[in-house]
Amino acid sequence: MCVSSSGNIYECGYSTTQLGSLAQIESFHAPNTNYHRFVRDRLTGVMEMCKGCMIEGQCGGGYNITQEFARATKTAKIERMCDFYHRMTQEILREQLQEAAAQELELLQTATERR
Ligand code: SF4
């Protein structure tokens, strides 16, 4: 969260989406406030573009500023972002699987040597 010098609250300093203000901080979390909608609209299963994505639960639409920027400039940045996230996730999982398989093999070899 970021608070501007005028007391407006944003997700971060680069965001143009005002989530609330210090003057109305008592109702910041209340239903149907900007903050409430901001969180609700990013829950798993809610974002239309993310439905069916293999990493929806972990990614949740990615970095919101990228979404804001892509909407404002109408670039293909989102497609590239998703492709990058998918590939990185696959690489991380592949790496983790290789490490787990190597550890399992080491345990099996140790157990066999003890017999
Ligand atoms: S990778 Fe793209 S489609 Fe998948 S959850 Fe993230 S933003 Fe949504």
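Residues numbered from 1 in each chain as written. Predicted model: local features only at pLDDT ≥ 70, side-chain atom pairs only at ≥ 80, totals over all residues.

> Please clarify how the domain arrangement of the protein chain should be interpreted in this entry.
Accessible area lost upon the coming together of the parts is a frequently used measure of interface size. As far as domains go, the protein chain holds domain 1 (1-40) and domain 2 (52-115). One C-alpha centre belongs to domain 1, the other to domain 2; they are set 31 Å apart. (Domains from an automatic or database assignment.)

> Quick question: what am I supposed to make of the confidence of the model for the protein chain here?
Fine structural detail should not be taken from predicted coordinates in areas where pLDDT scores are low. When pLDDT is averaged along the protein chain, the result is 92; 100% of the residues meet or exceed 70. No element of the protein chain has a lower mean pLDDT than helix α3 (residues 64-73), at 81, and none a higher one than strand β2 (residues 8-10), at 97. (pLDDT = per-residue confidence, 0-100. Helix = DSSP H or I, 4+ residues; strand = E, 2+ residues; numbered from the N terminus.)

> What am I meant to see in helix α4 (residues 77-114) here?
Residue pairs spaced three or four apart in an α-helix point in one direction, given the helix's 3.6 residues per turn. Here α4 spans 56 Å end to end across 38 residues, near enough to the 56 Å set by a 1.5 Å rise per residue. Across the 38 residues that make up α4, only a small minority, 0, are buried. (Expected span 1.5 Å × (residues − 1). Buried ≥ 20, exposed ≤ 12 C-beta atoms within 10 Å, placed from the backbone.)

> Looking at this structure, how should I read the site of the ligand?
Residues in close proximity to the ligand include M49, C50, C53, I55, E56, C59, G61, G62, C82 and Y85, which together make up its full environment. Elements that contribute at least two residues to the shell around the ligand include exactly α2 (56-59) and α4. For the shell around the ligand, the residue count by class is 7 nonpolar, 2 polar and 1 charged. (Near = placed C-beta within 6 Å. Nonpolar A, V, L, I, M, F, W, Y, C, P; charged D, E, K, R; others polar.)

> Would you explain the sheet that holds β2 in this entry?
Within a sheet, neighbouring strands are paired by backbone hydrogen bonds and run either parallel or antiparallel to one another. One open sheet holds the 3 strands; their spatial order is β1-β2-β3, and the pairing between them is antiparallel. Since the sheet does not close on itself, it has two edges, and those belong to β1 (2-3) and β3 (18-21), each with one partner. (Pairing = 2+ DSSP bridges.)

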